[in-house]
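Below, each chain spelled out in residue letters.
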Amino acid sequence: MIGPPTFGTFATPARMHPTDAYRHLDDPEELAEVARELPARGDGARRLEAVLTVDGVHCAACVVSIEQALRGAVDEVSVNAATRRARIVFRPERQPLSGLLARIAALGYAPRPVSRSAMSDVQAAGRRTALWRMLVAVLCMMQVMMYAVPRYVAGPDGMTDDVRQLLMWAEWMLTLPTLLFAAGPFLRSAWFDLRARRIGMDVPVSLGIVVTFVASCAGALEGGEVYFDSLTMFVAFLLIGRWLEAAARERALSGVADLLARLPETVERLLDADRTETVTLRKLRPGDRVRVAVGQAVPADGIVETGRSHADESLLTGESTPIAKHPGDPLAAGSLNLSGPLTVRLTRAARDSRLQEIADLVEAASARKPRIAQVADRWAGPFLIAVMVLAALAWAVWHTIDPSRAIWIAASVLVVTCPCALSLATPTALLAAAGTLARRGLLARSPQAIEALAGVDAFVFDKTGTLTHDRLSLERLDLLEGALELSLDGPRVLSVVAALEAGSLHPAATALCRAAQAGTPPAVRDLEEHGGSGISGQVLLDGRWLDARIGNAAFAGVGSESSGGGIRLMLDGRPIARFELAETARADAASALAALRADGVSVEILSGDDVARVARLAERLDVDAWRAEASPQEKLATLAARQAEGHRVAMVGDGINDAPVLARADVSVSFATAAPLAQHQADLLLLGGRLDALVQARRLARRTMRVVTQNLAFAAVYNAVCIPLALAGLLPPWLAGLGMAASSLVVVVNALRLADRPAIAREPVRGIAADPSALA
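Keep in mind it's a predicted model, so treat the numbers as computed, not measured. (Residues numbered from 1 in each chain as written. Predicted model: local features only at pLDDT ≥ 70, side-chain atom pairs only at ≥ 80, totals over all residues. Heavy atoms only, no water.)

**Details of the overall build of the protein chain**
Here is step 1: Of regular secondary structure, the protein chain possesses 28 helices and 27 strands.
Here is step 2: Going through the 776 residues of the protein chain one by one, you find that 55% of them count as buried.
Here is step 3: Residue pairs at least 24 apart in sequence account for 69% of intrachain contacts in the protein chain once pairs closer than 6 positions are excluded.
Here is step 4: In the structure as shown, the protein chain presents an accessible area of about 31900 Å², 57% of it carried by carbon and sulfur atoms. (Helix = DSSP H or I, 4+ residues; strand = E, 2+ residues; numbered from the N terminus. Buried < 20%, exposed > 50% of the residue type's maximum accessible area, 1.4 Å probe, protein only. Contact = heavy atoms within 4.5 Å. Areas by Shrake-Rupley, 256 points an atom, 1.4 Å probe, with all protein chains shown as cover.)

**Some words on a nonpolar patch on the surface**
Here is step 1: On the surface, V717, V721, L725 and L730 cluster together into a nonpolar patch covering about 340 Å² of accessible area.
Here is step 2: Within the element layout of this structure, L725 appears in helix α27 (residues 692-727). (Patch = residues over 30% accessible without salt bridge, like charges linked within 9 Å, V, L, I, M, F, W, Y side chains within 5 Å. Salt bridge = Lys/Arg side-chain N within 4 Å of Asp/Glu carboxyl O.)

**Looking at the environment of A728**
Here is step 1: If you trace the backbone, A728 turns up in the loop between α27 and α28 (733-756).
Here is step 2: Separated by 330 residues in sequence, A728 and W398 have C-alpha atoms that sit 9.2 Å apart.
Here is step 3: Residues within four places of A728 in sequence aside, it is in contact with W398 and R405.

**Brief notes about the side chain of R112**
Here is step 1: As for its placement among the helices and strands, R112 is situated in strand β5 (residues 110-113).
Here is step 2: There is a polar contact of 2.5 Å between the side chain of R112 and the side chain of D55. (Polar contact = N/O pair within 3.5 Å; in protein donor to acceptor, adjacent residues only side chain to side chain.)

**Points about unusual backbone geometry**
Here is step 1: Located in the positive-phi region is S487, a residue other than glycine, with phi close to 55°.
Here is step 2: Within the fold, S487 resides in the loop between α18 (481-485) and α19 (490-501).
Here is step 3: Despite not being glycine, D526 shows a phi value in the positive range, around 55°.
Here is step 4: One can find D526 in strand β18 (residues 524-530).

**Considerations on the sheet that holds β18**
Here is step 1: A sheet is described by the order of its strands in space; here six strands give the open sequence β17-β22-β21-β20-β19-β18, paired in antiparallel fashion. In the strand order of this sheet, the two ends are held by β17 (473-479) and β18, each with one partner. Each neighbouring strand pair of the sheet contributes to a mean axis angle of 20°, computed without reference to strand direction.
Here is step 2: One ladder, built from eight bridges, connects strand β19 (residues 534-541) with strand β20 (residues 544-551); its direction is antiparallel. Counterpart to I535 in the pairing with β20 is I550.
Here is step 3: Packed on one face of the sheet, helix α20 (residues 507-515) meets β17, β20, β21 (567-571) and β22 (574-582) and runs near 100° to β22. (Pairing = 2+ DSSP bridges. Axes fitted to C-alpha atoms, helices over the stretch in contact; angles between N-to-C directions.)

**Some thoughts on the nonpolar core**
Here is step 1: Judged by nonpolar contacts, the single largest core of 49 residues is most densely connected at F459 and F461.
Here is step 2: Once residues within four sequence positions are removed from consideration, F459 is found in contact with L453, L596, V601, S602, V603, E604, A650, V652, L694 and R698.
Here is step 3: Counting residues in hydrophobic clusters, the runner-up holds 41 residues, among them M168, L239, A394 and A726. (Core = buried A, V, L, I, M, F, W, Y, C linked by side-chain atoms within 4.5 Å.)

**Some thoughts on the sheet that holds strand β8 (residues 289-292)**
Here is step 1: In space, the six strands of this open sheet follow the order β7-β6-β8-β14-β9-β12, with antiparallel pairing throughout. In the strand order of this sheet, the two ends are held by β7 (276-280) and β12 (330-331), each with one partner.
Here is step 2: By the bridge criterion, four bridges tie β8 to strand β14 (residues 342-346) in an arrangement that is antiparallel. Counterpart to R289 in the pairing with β14 is R345.

**What about the pattern of salt bridges?**
Side chains bearing opposite charge may pair, as long as their charged atoms lie close to each other.
Here is step 1: Inspection of every chain in the model, using the stated rule, returns 30 salt bridges.
Here is step 2: Where R91 meets D75, a salt bridge forms, and the shortest distance between an N and an O atom there is 3.0 Å. Linking R91 in the loop between β4 (85-90) and α4 (97-106) with D75 in the loop between α3 (60-70) and β3 (76-80), this pair joins segments that are 16 residues apart in sequence.
Here is step 3: Residue K635 pairs with D462 through a salt bridge whose shortest N-O separation is 3.5 Å. Here D462 lies in the loop between β16 (458-461) and α17 (463-467) and K635 lies in helix α24 (residues 632-644), a separation of 173 residues in the sequence. This pair shows no difference in class: K635 is buried, exactly as D462 is.
Here is step 4: Via salt bridges that share partners, R36, R47, E49, D75, E76, R87, R91 and R94 belong to a single interconnected network.

**Topic: the packing of helix α8 (residues 202-222) against helix α14 (residues 403-416)**
Here is step 1: In the contact formed by α8 and α14, the axes pass within 8 Å of each other and the chain directions differ by 160°. By the angle between their axes, α8 is roughly antiparallel relative to α14. The two elements α8 and α14 cross, and the hand of that crossing is left-handed. Contact residues: P204, L207, G208, V211, T212, A215 and S216 in α8; I407, W408, A411 and L414 in α14. (Parallel < 35°, antiparallel > 145°, perpendicular 65-115°, else oblique. Left-handed = near helix turned anticlockwise from the far one by under 90°.)

**A few points about the confidence of the model for the protein chain**
Here is step 1: The predicted model of the protein chain averages 80 in pLDDT, with 83% of residues at 70 or higher.
Here is step 2: Mean pLDDT across the elements of the protein chain bottoms out in helix α26 (residues 676-681) (52) and peaks in β16 (94).
Here is step 3: Under a pLDDT of 50 for its full length, residues 1-16 has, in the predicted model, 61 contacts with residues more than four places off or in other chains. (pLDDT = per-residue confidence, 0-100.)

**A closer look at the pairing of β5**
Here is step 1: With burial as the criterion, each face of β5 is covered, one bearing A110 and R112 and the other bearing P111 and P113.
Here is step 2: In this structure, strand β2 (residues 47-55) lies alongside β5, joined through four bridges in antiparallel fashion. Bridging from a neighbouring strand, D55 pairs with A110 of β5.

**Remarks on the environment of I88**
Here is step 1: Topologically, I88 is positioned in strand β4.
Here is step 2: Of the residues examined, I88 reaches a relative accessible area of 0% and is grouped as buried.
Here is step 3: With twelve residues separating them in the primary sequence, I88 and L100 have C-alpha atoms 9.3 Å apart.

**Section: α19**
Here is step 1: Taking 1.5 Å of rise per residue, twelve residues should cover 16 Å, and α19 covers 16 Å from first to last C-alpha, within 8% of that figure.
Here is step 2: Within α19 the residues assigned to the buried category are G490, V493, L494, S495, V496, V497, A498, A499, L500 and E501.
Here is step 3: Here α19 starts with a cap whose side-chain oxygen sits 3.0 Å from the backbone nitrogen of R492, and that cap is D489. (Expected span 1.5 Å × (residues − 1).)

**Some words on the pairing of β22**
Here is step 1: Of the pairings in the sheet, the one linking β17 to β22 comprises six bridges and is antiparallel in character. Its bridge partner being in β22, L474 is matched across the sheet by L581.
Here is step 2: Pairing of β21 with β22 involves five bridges; the strand directions are antiparallel. Counted as the bridge partner of L569 is A577 from β22.
Here is step 3: Turn length for the β21-β22 hairpin, with the two strands adjacent in sequence and antiparallel, is two residues, and the turn residue D572 shows positive phi of about 50°.

Next up, the structure:
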């Protein structure tokens, strides 16, 4: 089992209708705090995504119940028992969020949106309640044992019946707090399960508790044997196990908390030269000027207006070296100001920052289920029914053999066969691995990405912005005969190019726009970007609209015999200019590709750039397999051919033209500063600029799947060994409870090895910083 038994702590009040308890979430401002907008589909309907924390979820049966209750009312629903997270995609016009949460609450669970402002208080209250339950159970267990031990030591003739009866009733009184308070979450959850006509994990556990208590009461009244000590020990072990597992789960999810904990609660906003005001993060808007003191975190994405300093962006990018910041440089929310006060002009609101986007992605990923867990969910219900039948058969058989032992053996079977370890074997390992990857600067958007990455044996890389820095520079501008005919000089040509390329996110377009001098660019219309080729449209020059094309030689219409590479500008069919852009390979590109090859992975470059540039880079990086001037369709065909050969392929790219290939790959990787469409297709996001994170990620993914195999094997062996022992009467209820709690704990602790010990030594690449404004 996992998570502190906080069920009921946040449930809706008894006299309040569930929908009314969540009605405030339908307010647009409140809804914006807990849900983010997704791209509309073909019908144009508004779609929102929300991540919920659902208290009371302990096993796969709980997951199935919630998903069945929401199916049909939402577009997508995924519940992860290991993290107690639910991800829903819904249409507020068809079903408001309050109604969806009310459906979950009606099942007996306590859902709440993952709201940054209230999460820490809610978690603290849950930990306090869980700690009190555990302490009461442990204290009562110790006191009950004080009265039980003398009965066991004295034997049948060493104690009078009156004293024996007195000790039994003392045990009974001390068992009541355990039953009514400490075991409350188990009993309450089981009651809701039975009322909803389903069998969850807490049903056999609660039956074991109740049966043991009732039979012990009968034994006390009749002067027979009692097992109050077994009952209190059983509940105490369960709660201790849940508490430790909750701590492990919080540790695995601590990456997001570490990010958000840096943000200040209040900020000093500048009104004018002399006046300031202190405001909360929610009141910050784009364009606000804020003062960031030394040692303070940047509250939202922005640009340095005055001051010089260094910023620690390690939690955002995995880069351990502080980055120098000067006026005009971008600053990401969550960056720590290290050396000097800064005045920052915000470019985004706090809730729209890059930090919040990363946190939302992590939360959404924690609510997704790996494929193996989905299989476990389907078998959870039948398995629990089989447990109940097996316990009933054990009682019936032992009732004929030794009626005095039948009830205890049935209780042991109910407890020891709990499927917690089996249901936690996969998600806990993948969750721990995802947390480790996030701390190393690589964000997994779903557990399936880690599963798939472990099996990858081929990496295909785009060139520009992937193996090279995405910040190109104009190295050479050649004016051609068309420029002379239209009386265009260099600055005016660059102005035309800037007008055509202004809306593109391609690194080459950014470089050309940056090279243009300040001024008013000419008017343009009918612009269309052709992925992997260039841009076409019309530009207004000297009162005339001219057809314009800018891109590679083939797209511009220049014959192959005279192409010579480079980017070409054509106006009304006239060759106007040829541009050469300079680029540099990433500092760790050669070492990262060499490490992949050393691990037995094939490496290939697949680029739309000209042959000369790709050949030079391939030679520099010692890559034999490469292809240049590839269109998106040709890239897709190349990738499909590799897959047809039996390879499992990972594609690494960052451009719009890479989106189809990213979607087709077995695993897709993009940069957090890449084009939004490419990000939408990517399974893994590189938060910094280090390619060596890919090497670490693949090694960690392979180690993760080994841990998953170990966990599944342990869970299977545990059930194979303990069930026969319980049926044979060799496991008393208290030992069965200890075994169940220990089995879940072993699985979680084994998974945490992925977070405790790095898979390989980390060698950070210095001086690479992510640009938060590129996500705009």
